[in-house]
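Inside the fold
What follows is the residue order along each chain.
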Amino acid sequence: MPKTLEGQITMEKTPSYFVTREAPARISAMSRETKLIVVVRDPVTRVISDYTQTLSKRPDIPSFESLTFKNRTTGLIDTSWSAIQIGIYAKHLDNWLQYFPMDQILFVSGERLISDPAGELGRVQDFLGLKRIITDKHFYFNQTKGFPCLKKAEGSSKPHCLGKTKGRTHPNINPEVVQRLRDFYRPFNMKFYQMTGRFFGWDD
Ligand SMILES: Nc1ncnc2c1ncn2[C@@H]1O[C@H](COP(=O)(O)OS(=O)(=O)O)[C@@H](OP(=O)(O)O)[C@H]1O
């Protein structure tokens, strides 16, 4: 971790921490005051996004369907596939709650981060005890990218969108497979809404 001066906050981003069993104990041993921020999105879209990313690196991987099911006929989901595991947010959160109180953890909605980036970042700034410096006027919607982008990148006067690896087109997945995944995740999502006190709206 880099040294932090008075008035500065050190931030570190590692997506895999949230799903790593040993991470809460290790972070808590370093500092029990650490604030934790996790961006979560609909676990069904997440697993498709995860697959899309792997496919872009290794085009020869098996089909989405064959990775999803342990048994296609019975519809049994292969929970040993890490892409499926990661979306069981309630289970991972349980592990963090052994070491950190809920008020030290902020869950950011991945969907709202796209539809209302300033609103979601407002919550982040409040959580970190910062003045709301980042507001609506920092963003514009880029039609070509299909996502919000920054009007000015830090230290530059030019607009800035996230790179090509963020916001890839997902492959079409058989709607029956999507439905089966929805059914699989629903109870875990309900538990997660209850635990966080926030309704993320993934099960409409
Ligand atoms: N503003 C903006 N621009 C582009 N993309 C955006 C934005 N906000 C959120 N997203 C979503 O971020 C998803 C990629 O982030 P990841 O969590 O996969 O990143 S990381 O690789 O784990 O760091 C990426 O997922 P995919 O759409 O599946 O590529 C985006 O949907």
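Residues numbered from 1 in each chain as written. Predicted model: local features only at pLDDT ≥ 70, side-chain atom pairs only at ≥ 80, totals over all residues. Heavy atoms only, no water.

Comments concerning the packing of aromatic side chains
Considering all chains together, one arrives at 17 aromatic pairs under this definition. Ring centres 5.8 Å apart and planes at 70 degrees place the aromatic pair Phe64 and Trp81 in the edge-to-face group. On the criterion of sequence distance, the pair formed by Phe64 in helix α3 (residues 64–68) and Trp81 in the loop between β3 (76–77) and α4 (82–86) is long-range, its members being 17 residues apart. In this structure Phe64 comes out as buried when scored by relative accessible area, which is 4%. Its relative accessible area of 16% is what places Trp81 among the buried residues. Here a set of aromatic residues connected by ring pairs shows up, and it is made of Phe18, Tyr89, Phe107, Phe192, Tyr193, Phe199, Phe200 and Trp202. (Phe/Tyr/Trp six-rings, centres within 6.5 Å; stacked < 30°, edge-to-face > 60°. Helix = DSSP H or I, 4+ residues; strand = E, 2+ residues; numbered from the N terminus. Buried < 20%, exposed > 50% of the residue type's maximum accessible area, 1.4 Å probe, protein only.)

Let's talk about the state of the cysteines
With the rule as written, the count across this model stands at 1 disulfide. With its sulfur 2.1 Å from that of its partner, Cys149 forms a disulfide with Cys161. Handedness of the Cys149-Cys161 disulfide follows from its S-S torsion of about 105 degrees: it is right-handed. Here Cys149 is found in strand β6 (residues 147–150), whereas its partner Cys161 is found in the loop between β6 and α8 (175–196), with 12 residues between them in sequence. (Disulfide = S-S within 2.5 Å.)

Thoughts on the pairing of β6
The pairing of strand β5 (residues 139–142) with β6 spans 4 bridges and is antiparallel. Pairing of Phe141 across the sheet is with Pro148, part of β6. From the end of β5 to the start of β6, which pair antiparallel, there are 4 residues, and Gly146 there has a positive phi angle of about 80 degrees. (Pairing = 2+ DSSP bridges.)

With respect to the packing of helix α2 (residues 43–57) against α8
One can describe the packing of α2 onto α8 by two numbers: an axis separation of 9 Å at closest approach and a directional angle of 125 degrees. By the angle class used here, α2 and α8 are oblique. On the side of α2, the interface is formed by Pro43, Val44 and Val47, while α8 contributes Val178, Leu181, Arg182, Tyr185 and Asn189. (Axes fitted to C-alpha atoms, helices over the stretch in contact; angles between N-to-C directions. Parallel < 35°, antiparallel > 145°, perpendicular 65-115°, else oblique. Contact = heavy atoms within 4.5 Å.)

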